[in-house]
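# Structural overview
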Amino acid sequence: MDSIGGSNAVTYEKRIFAFIDILGSAELVEESERDTSKILSIYQLLKHTKSMANLPVGHKFQTLKVNLAKFRSHTFSDTITISCPFESFDYFNAIIGWIEGFQYLMLTEEATFVRGAIVYGNVYDESESIIFGPAMIDAHRLESTRAKWPRVLVDSSIFDELPDEKKTRAFKEYLRK
């Protein structure tokens, strides 16, 4: 961890970090200036998104060996972030499962697509309202420049952390393609 100094040191922590963007919301906000009835639609979409973002994905989390207290999620504007330490492959699998479930809910309940990126790197994500760091910037950059369509990209920084167990080798090769 890198210390940022002082007696109450604030530090970065290496975490799996996912940055998810709700597609089309910027256009909806722009339209709301001309048609104020759309403000309620935006509010309802984001309120529903926030409630969905805070839901664990049912049985998937129960079968994985993860500590849910180590996961952190934030919603702001049309963005959701979720992070956790990379203590085992199950933590990465949990993030993938959450994103898969979230994509499904957004499509089926809101007729909305999402786009995003997952990276591994330094981030300060220890409070309910303050989040920053190189991992957040990397994930946002990857999402906004490389994920042109509704999809979630996995950065190569994740591959370096995957265990060399036989069960993950095929997955690792599949994701590299």
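Scroll up to find the structure.
Presented here is an overview of the structure given in this document. Model, not experiment: these values are computed from the prediction.

The rules we used
Residues numbered from 1 in each chain as written. Predicted model: local features only at pLDDT ≥ 70, side-chain atom pairs only at ≥ 80, totals over all residues. Heavy atoms only, no water. Salt bridge = Lys/Arg side-chain N within 4 Å of Asp/Glu carboxyl O. Helix = DSSP H or I, 4+ residues; strand = E, 2+ residues; numbered from the N terminus. Buried < 20%, exposed > 50% of the residue type's maximum accessible area, 1.4 Å probe, protein only. Pairing = 2+ DSSP bridges.

Pairing between side chains becomes possible if they bear opposite charge and their charged atoms approach one another. Counting across every chain of the model gives 6 salt bridges. In this structure, R72 engages E13 in a salt bridge whose closest nitrogen and oxygen atoms are separated by 3.8 Å. A residue pair is termed long-range when its members are at least 10 positions apart, and R72 in strand β2 (residues 72-76) and E13 in strand β1 (residues 13-22) qualify at 59 residues. For R72, a relative accessible area of 25% gives the class partly exposed. With a shortest N-O distance of 2.7 Å, R115 and E143 are connected by a salt bridge. Pair noted here: R115 is in strand β4 (residues 114-123) and E143 is in helix α5 (residues 134-145), with a separation of 28 residues, a long-range link. What emerges from the salt-bridge pattern is a single network uniting E13, R15 and R72.

With 5 bridges connecting them, β2 and strand β3 (residues 79-84) associate as antiparallel partners. Considered in β3, the bridge of S73 is made with I82. Connecting the antiparallel pair β2 and β3 is a turn made up of 2 residues, with S77 showing a positive phi of about 50°.

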